Amino acid sequence: MGTALVYHEDMTAARLLWEDPECEIECPQRLTAALEGLQQRGLEQRCLRLVAREASEAELGLVHSPEYVALLRGTQALGTQELQALSGQYDAVYFHPRTFHCARLAVGAALQLVDAVMTGAVRNGLALVRPPGHHSQRAAANGFCVFNSVAIAARHAKQKHGLHRVLIVDWDVHHGQGTQYIFEDDPSVLYFSWHRYEHRRFWPYLRESDADAVGQGQGLGFTVNLPWNQVGMGNADYMAAFLHVLLPLAFEFDPELVLVSAGFDSAIGDPEGQMQATPECFAHLTQLLQCPGVYPECPGSPGPLLDEPPAARPHKALAQDKALTALGKVLYLLDRLLDGQVSSGIAATPAPATAATLDVAIRCGLSHGAQRLLCVAVGQLDRPPDLTDDGRNLWLNIGGKEAAAPSTFHVCVPLPGTTGGFLNCVLALVLPLAYSFQPDLVLVALGPAHGLRDPQAALLTALLRGPAGGRVLALIDEESTPQLVGVLARVLHGEAPPSLGPFSMASPEDMQALMRLRGPLEPQWKMLQVAASP
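In the nomenclature of an unreviewed UniProt entry, the chain is known as Polyamine deacetylase HDAC10 isoform X7 of Camelus ferus. The UniProt entry for the chain carries this comment under Subcellular location (unreviewed entry): "Nucleus". UniProt annotates the chain under Sequence similarities (unreviewed entry) with the comment "Belongs to the histone deacetylase family. HD type 2 subfamily."

Pasting the structure below:
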């Protein structure tokens, strides 16, 4: 179970045959440059390579009208003047005699990726495709897009694999209005798009790209638009959008598959997008998307490729190792973690020694080169006395005693009693603090009677892998169930956490407690400031 890479060199065949400044940026080099970048960094070799196939006309018909498919089929026999005339009937589109072949390969690549993920051949994947698809509508090409690959992939997943809930995330800087139109009355597909809008002054200049376009009929509430009304949005803005808008919805929706329309004109350096988010930000966004779904699958998204494959990313579950003392287990694993020999791990210690072991682990982590250490303690665990507010460590205690003297670096959070309350706590407080703090190492300590269900502990641990680049050490009671040890080992190894189960809303008391905690912390922590802005 690794990452698939789907590509076909024939997708470079179509090109512009006449002068058109608007369309000239859609060129074969968009695809070859991406592939060369993967090859130069050794990422292609670490993936399971799949050669894209052509989608059948029946598969195209899952979304597009027969008349439109026939029209595109006919472009194979047209001359340059006829192609130019036909292209002029659409907005920002050009056709080439090989367009039909290329577009069928683009769709086929997405379908192969869905099949590979849903059959368990791979965990996730990347489809390098051209032409793009998210602007394409049922019977119209638009914005360089011919067939809507991601929409067809969603319908294919539902039809062939029996899925009932698919999440589509569109982080291109342009609104994917084609995908929105296709699913606007469908409650089985949750569509989320952020895009440059500027009060309708940015292409495609549509009223329905605004935030109040939320679907219709049975699909009411299943379209989510986040229009950016200014340029220059950066990492904190994108992370806040995920933590406070997308992920709460995604966890409640509980998707069986996640598809990403991953246009990178929303990244720094694109002259049209004019945004400031770095490539590293998109890696974190992709990792966050691996938590709500059972089998996250991202056509067009490079995030999973930035992870190490399982063979190079060992974890160490030491719960059954009787040759080492409780403290020895922690120090042994911590040494390997900070030396880069492992990226994450689990150490089990006797319950009475948990606090003392945690104290030593913190001091050892700081002395071994961790400049900033985040400790997330769950349950009745006292803050180690040597842990000072010097800015090098951040102590978050969930469900423990309220601090006698809380501070910027000493935060105690009540344990919410509902699924929604737990998610609000993690997404609206714990993760914003963690990303603002930017730790080198995260310690997750589950104390005796910590109160978390196994899926909650797994989700918390999985989400905390992002802020520290995967360097997470989980400390658990050695009497913990094998199920907890197993699920923590899997999420530290990069697998998606199990579903939280039926969703229940946060109580008013939990919401009020969270807001009271956030208020005093907002002046110090940037991610909380972004989240609190209108």
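The next thing to look at is the confidence of the model for the chain. Should pLDDT be low for a region, the predicted coordinates there are not to be read in detail. On average, residues of the chain score 85 in pLDDT, and 83% of them reach the 70 mark or higher. Throughout residues 294-327 the model reports pLDDT below 50, and contacts reaching past four residues in sequence, or to other chains, amount to 102 contacts.

Checked against the element boundaries, Ala127 lands in strand 3 (residues 124-127). A relative accessible area of 3% means that Ala127 is categorised as buried. A C-alpha to C-alpha distance of 9.6 Å links Ala127 and Val107, two positions 20 residues apart in sequence.

Considering the arrangement of structural elements, one finds Asp172 in the loop between strand 4 (166-170) and helix 7 (177-183). No salt bridge is formed by the buried Asp172; its nearest oppositely charged neighbour, Arg30, is found at 6.4 Å.

Turning next to the pattern of salt bridges. In the structure shown here, the tally under the stated rule is 14 salt bridges. Between Arg73 and Glu57 there is a salt bridge; the shortest N-O distance is 2.8 Å. Here Glu57 lies in helix 2 (residues 57-60) and Arg73 lies in helix 3 (residues 66-74), a separation of 16 residues in the sequence. For Glu57, a relative accessible area of 30% corresponds to the partly exposed category. Arg165 is paired through a salt bridge with Asp254; the nearest N and O atoms lie 3.8 Å apart. With Arg165 in the loop between helix 6 (149-161) and strand 4 and Asp254 in the loop between helix 8 (235-253) and strand 7 (257-261), this residue pair connects regions lying 89 residues apart in the sequence. Using a relative accessible area of 22% as the deciding quantity, one classes Asp254 as partly exposed.

What follows deals with the packing of aromatic side chains. Counted under the stated rule, the structure contains 17 aromatic pairs. Where Phe100 meets Phe147, the ring centres are 6.2 Å apart and the plane angle is 70°; that geometry is what we call edge-to-face. One end of the pair, Phe100, is in helix 5 (residues 99-118); the other, Phe147, is in the loop between strand 3 and helix 6, with 47 residues separating them in the sequence. Aromatic pair Trp228 and Tyr238: ring centres 5.9 Å apart, planes at 20°, arrangement stacked. Within this pair, whereas Trp228 is found in strand 6 (residues 223-228), its partner Tyr238 is found in helix 8, the two being separated by 10 residues in sequence. Its relative accessible area of 9% is what places Trp228 among the buried residues.

Conventions we followed
Residues numbered from 1 in each chain as written. Predicted model: local features only at pLDDT ≥ 70, side-chain atom pairs only at ≥ 80, totals over all residues. Heavy atoms only, no water. UniProt positions renumbered as here; feature names shortened; annotations may be inferred. pLDDT = per-residue confidence, 0-100. Contact = heavy atoms within 4.5 Å. Helix = DSSP H or I, 4+ residues; strand = E, 2+ residues; numbered from the N terminus. Buried < 20%, exposed > 50% of the residue type's maximum accessible area, 1.4 Å probe, protein only. Lys, Arg positive; Asp, Glu negative; His and termini not counted. Salt bridge = Lys/Arg side-chain N within 4 Å of Asp/Glu carboxyl O. Phe/Tyr/Trp six-rings, centres within 6.5 Å; stacked < 30°, edge-to-face > 60°.

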